[in-house]
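Chain residues, written in single-letter form:
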Amino acid sequence: MQQKRLVGRILAACARGEAPAIDLVRQVGGEALVQSALHHRLSGLVQDALPPGALERSSAMALASVTLQARAVHHRAVVDMAELGDVLDAAGTDWLVVKGPALSQVAYRRPGLRLYGDLDVIVRRRDFADAVTSLRAAHFRLADRNLRRIAEKVAGQLNFVGPHGTAVDLHWHLLFSEERRRSHSIDMDSIFDRSRAVVIDDRRVLTTDAVDSLLHVTMHACSEGADRLVWLVDTANLARSIEDWDAVVERARSWRTSLSTGLVLARSRRVVAAPIPAWVIRSLLPAPLRAALAVVDRLFPVERSSGRWGSPASFIARSTGPSVPRSVLELADRMRSRAGWVLRTRSFERPSGDEYPTDLNSPMAEVGTSEDLDAFLRDIAEPLRPEGAGARRGARER
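Right, let's walk through the structure included here. Throughout, a residue's number is its position along its own chain's written sequence, starting from 1. Where local features are concerned, this predicted model is filtered to residues with pLDDT of at least 70; where side-chain atom pairs are given and counted, the filter is 80 or more; whole-chain, interface and lining totals use all residues. Calculated side-chain values reflect all of the structure's heavy atoms, with hydrogen atoms and water omitted.

**A closer look at helix α7 (residues 128-137)**
Right, on to step 1. Among all positions of α7, only Phe-128, Ala-129, Ala-131, Val-132 and Leu-135 are buried. The arc that holds the buried residues of α7, viewed along the axis, is 160°, so those residues lie on one side. α7 presents Asp-130, Thr-133 and Ala-137 as exposed residues on the side facing more than 90 degrees away from its buried surface.
Right, on to step 2. We call two residues in contact when some of their heavy atoms are within 4.5 Å. Secondary structure elements follow DSSP: runs of H or I of four or more residues count as helices, runs of E of two or more count as strands, with numbering from the N terminus. Packed against the buried residues of α7 are α5 (57-90), β2 (118-123), β4 (157-161), β5 (167-171) and α19 (370-381).
Right, on to step 3. One or two positions beyond α7, positive phi appears at His-139, with a value near 75°. Think of it in three bands: with a 1.4 Å probe and only protein chains considered, a residue is buried below 20% of the maximum accessible area for its type, exposed above 50%, and partly exposed in between. For this quantity, the arc is that covered by the directions from the helix axis to the C-beta atoms.

**Overview of the pattern of salt bridges**
Right, on to step 1. Salt bridge criterion: a side-chain nitrogen from Lys or Arg within 4 Å of a carboxyl oxygen from Asp or Glu. Overall, the coordinates contain 18 salt bridges when judged by the stated rule.
Right, on to step 2. A salt bridge links Arg-194 to Asp-209, with the shortest nitrogen-to-oxygen separation between them at 3.9 Å. Of this pair, Arg-194 sits in the loop between α10 (188-193) and β6 (196-200) while Asp-209 sits in the loop between β7 (203-207) and α11 (210-223), placing them 15 residues apart in sequence.
Right, on to step 3. For Arg-194, a relative accessible area of 27% gives the class partly exposed.
Right, on to step 4. With a relative accessible area of 14%, Asp-209 lands in the buried category.
Right, on to step 5. Put simply, Asp-94, Arg-124, Asp-189 and Asp-193 are held in one network by salt bridges that share partners.

**Looking at α11**
Right, on to step 1. Between its first and last C-alpha, α11 extends 20 Å over 14 residues, near the 20 Å set by a 1.5 Å rise per residue.
Right, on to step 2. Where burial is concerned, most of α11 is hidden: 12 out of the 14 residues are buried.
Right, on to step 3. All of the buried residues along α11 are Ala-210, Val-211, Asp-212, Ser-213, Leu-214, Leu-215, His-216, Val-217, Thr-218, Met-219, Ala-221 and Cys-222.
Right, on to step 4. Looking one or two places after α11, you find Gly-225, whose phi comes out positive at around 110°. A helix is expected to span 1.5 Å for every residue after the first.

**Description of empty space enclosed by the protein**
Right, on to step 1. Lining residues are defined by having an atom within 4 Å of a point belonging to a cavity or pocket. Those points lie on a 1 Å grid over the protein atoms alone, cavities being sets where a 1.4 Å probe fits but cannot get out and pockets being open sets with protein on both sides within 12 Å along at least five of seven lines. Grid points are joined across faces, edges and corners, and a volume is the space filled by probe spheres set on the points. All told, the structure shown has one cavity of 30 Å³ or more when counted by the stated rule.
Right, on to step 2. Roughly 80 Å³ of volume is contained in the largest cavity.
Right, on to step 3. Forming the walls of the largest cavity are Val-98, Lys-99, Ala-102, Leu-103, Val-106, Arg-196, Thr-207, Thr-208, Ser-213, His-216, Val-217 and Leu-238.
Right, on to step 4. Side-chain classes follow a simple rule in which Ala, Val, Leu, Ile, Met, Phe, Trp, Tyr, Cys and Pro form the nonpolar group, Asp, Glu, Lys and Arg form the charged group, and the remainder, Gly included, forms the polar group. Considered class by class, the residues forming the lining of the largest cavity number six nonpolar, four polar and two charged.

All we've got here are geometric facts, nothing functional implied.
Printed below as a string of structure tokens:
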């Protein structure tokens, strides 16, 4: 427990850009520090922050190798992004890059500090089917296997593998499931209208504006538990470019993400000293919820998270929805599900994909056919109301 606490202190300091005491680093040992740094995806920041000679050679080399890998992944993603851009530009399709190389460019000093694994691209809903056809013709391989459930959920994205091996997520919406889209209110056309240009390795591309980028990152972090320090660093770095915090509050309310945005902003401010005005958090989170989250974060610091089944801090974040009542109901449902798993298996270990197939691409998931893909693309192409094709279809069925 003492070692875990000390490792958490070191990682939090590195996330804030502070150099931890070399004696403290040597006390915890390089192996434990490197493992936690990898879990929190902070290898580059830890490598930058540690004093020379703080780690033994093997641990220092392990960190360096991950940082080199992050740079290689970034450059490969940029090559696939350029080829994807050429394909979509030739088809006259508007597209945005979000997270991944765009986040690395606008929020970090250099490639390699922000480890990521895939390239996220958004096209307008009306262009999605044509974009899928164009990419498949250009040797972007469709990676999704469970096309039947993709169609049933009216998924907000399809997954591809680029010609050079990058995992490419082609989105028509920021949110994956129809259920989440119906509980929020995100106008994707407005996101395109507000987009800004950035230059990534000499390639000019469009990405979301500063406010949309911050809201997207906080929304994604919260849905994943907001328990990796890298997500809090993302938030802190993006916060530094915000000039109009009133717009953040107004847009979070409009998207119905006040609670998730407020939770991640508060956690980032508390843990990594993100430059976020206190009044912004007060505007987004009710006072009782702010107090409760502060207590939970003190009792279960995210810098000590290990990524197994998470802590109450991550559990609450994943349960956060568009309103307090909805969040409480979701938390209760998750607690019942967790208790059921423990009673059935007598284990507190996180279930594997084979045992607990929540991933649409789980080996246990039913594989669809080309007809399912066609049905999905037809649903997306239909001129439907914003909450999704399935909602319109469900209304017709009722």
